[in-house]
Amino acid sequence: MKHIRWPAVSGAALLLLAAGCTRSNSVPPAREVEVEVEAGGAAYLVGEPLAHKNMTVFVLSSPREDERDFLTLDEGLKGGQVKIAEQEQETVHTLQLENKSDRPLYLQEGERVQGGLQDRVIASSLV
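The structure presented is a predicted model; accordingly, all values stated were derived computationally and were not measured.

(A) Spotlight on the side chain of serine 101. Note on placement: serine 101 falls in the loop between strand S7 (95-99) and strand S8 (105-106). At 2.8 Å, the side chain of serine 101 forms a polar contact with the side chain of asparagine 99. Engagement of the side chain of serine 101 in a polar contact is seen with the backbone oxygen of arginine 103, the distance being 3.2 Å. For serine 101, the residues in contact, after removing those within four places along its chain, are Leu71 and Gln81.

Written out as structure tokens, the structure is:
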């Protein structure tokens, strides 16, 4: 079975990077020392600023890898470990996903979810 490791990087920052962001001209182009911050008991490195129009994004990364073995939605559906259905009230707005495996289920932003009354797209990544 495949092991998936997800680094601690902001998905929004990666999305902006892919959209053509450049280094901000309002800050020095390079740092002598890496900047490290702590949040939630974990240490993160602050990357160089990326600017696009009136927004600047700092990518946070961690030298640690998440050691958990995630189950992807595709793997879970193919193996019968994940079930998708509308909630009991059968409203089109809400799906119910049941993870019957002992592994945490990773849902990736943009992934298409088929099941229930209509197909949907995951709005944000989550475990």
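(B) Spotlight on a nonpolar patch on the surface. A contiguous nonpolar surface patch, about 190 Å² in accessible area, is contributed by Val35, Val37 and Leu60. Residue classification places leucine 60 among the partly exposed positions, given a relative accessible area of 34%.

(C) Structural context of unusual backbone geometry. Unusually for a residue other than glycine, lysine 53 sits at a positive phi of about 55°. Mapped onto the elements of the fold, lysine 53 is located in the loop between strand S3 (42-52) and strand S4 (55-61).

(D) How the structure looks around the confidence of the model for the protein chain. Of all residues in the protein chain, 67% have pLDDT values of 70 or greater, and the mean over the chain is 75. Ranking the elements of the protein chain by mean pLDDT puts helix H1 (residues 11-18) last with 44 and strand S5 (residues 71-72) first with 92.

(E) Inspection of the pattern of salt bridges at higher detail. A full pass over the atoms with the stated rule returns four salt bridges. Measuring nitrogen to oxygen at the nearest pair gives 2.8 Å for the salt bridge that ties aspartate 66 to arginine 68. Residue classification places aspartate 66 among the partly exposed positions, given a relative accessible area of 22%. For arginine 68, a relative accessible area of 40% translates into the label partly exposed. Of the charged contacts in the structure, one is a salt bridge between aspartate 69 and arginine 103, with a shortest N-O distance of 3.4 Å. Here aspartate 69, found in the loop between S4 and S5, pairs with arginine 103, found in the loop between S7 and S8; they are 34 residues apart in sequence, far enough to count as distant. Taken together, the shared-partner salt bridges connect Asp69, Glu75 and Arg103 into one network.

(F) Geometry of the environment of valine 57. Relative to the assigned elements, valine 57 resides in strand S4. Given a relative accessible area of 14%, valine 57 falls into the buried group. For the pair valine 57 and glycine 47, spaced 10 residues apart in the sequence, the C-alpha separation amounts to 9.0 Å.

(G) Layout of the nonpolar core. Listed in full, the nine residues of the largest apolar core are Leu71, Leu73, Val82, Ile84, Leu95, Leu105, Leu107, Val113 and Ile122. In contact with leucine 105, not counting residues within four places along its chain, are Leu71, Thr72, Leu73, Val82, Leu97, Asn99, Leu126 and Val127.

Definitions and limits used
Residues numbered from 1 in each chain as written. Predicted model: local features only at pLDDT ≥ 70, side-chain atom pairs only at ≥ 80, totals over all residues. Heavy atoms only, no water. Helix = DSSP H or I, 4+ residues; strand = E, 2+ residues; numbered from the N terminus. Polar contact = N/O pair within 3.5 Å; in protein donor to acceptor, adjacent residues only side chain to side chain. Contact = heavy atoms within 4.5 Å. Patch = residues over 30% accessible without salt bridge, like charges linked within 9 Å, V, L, I, M, F, W, Y side chains within 5 Å. Areas by Shrake-Rupley, 256 points an atom, 1.4 Å probe, with all protein chains shown as cover. Salt bridge = Lys/Arg side-chain N within 4 Å of Asp/Glu carboxyl O. Buried < 20%, exposed > 50% of the residue type's maximum accessible area, 1.4 Å probe, protein only. pLDDT = per-residue confidence, 0-100. Core = buried A, V, L, I, M, F, W, Y, C linked by side-chain atoms within 4.5 Å.

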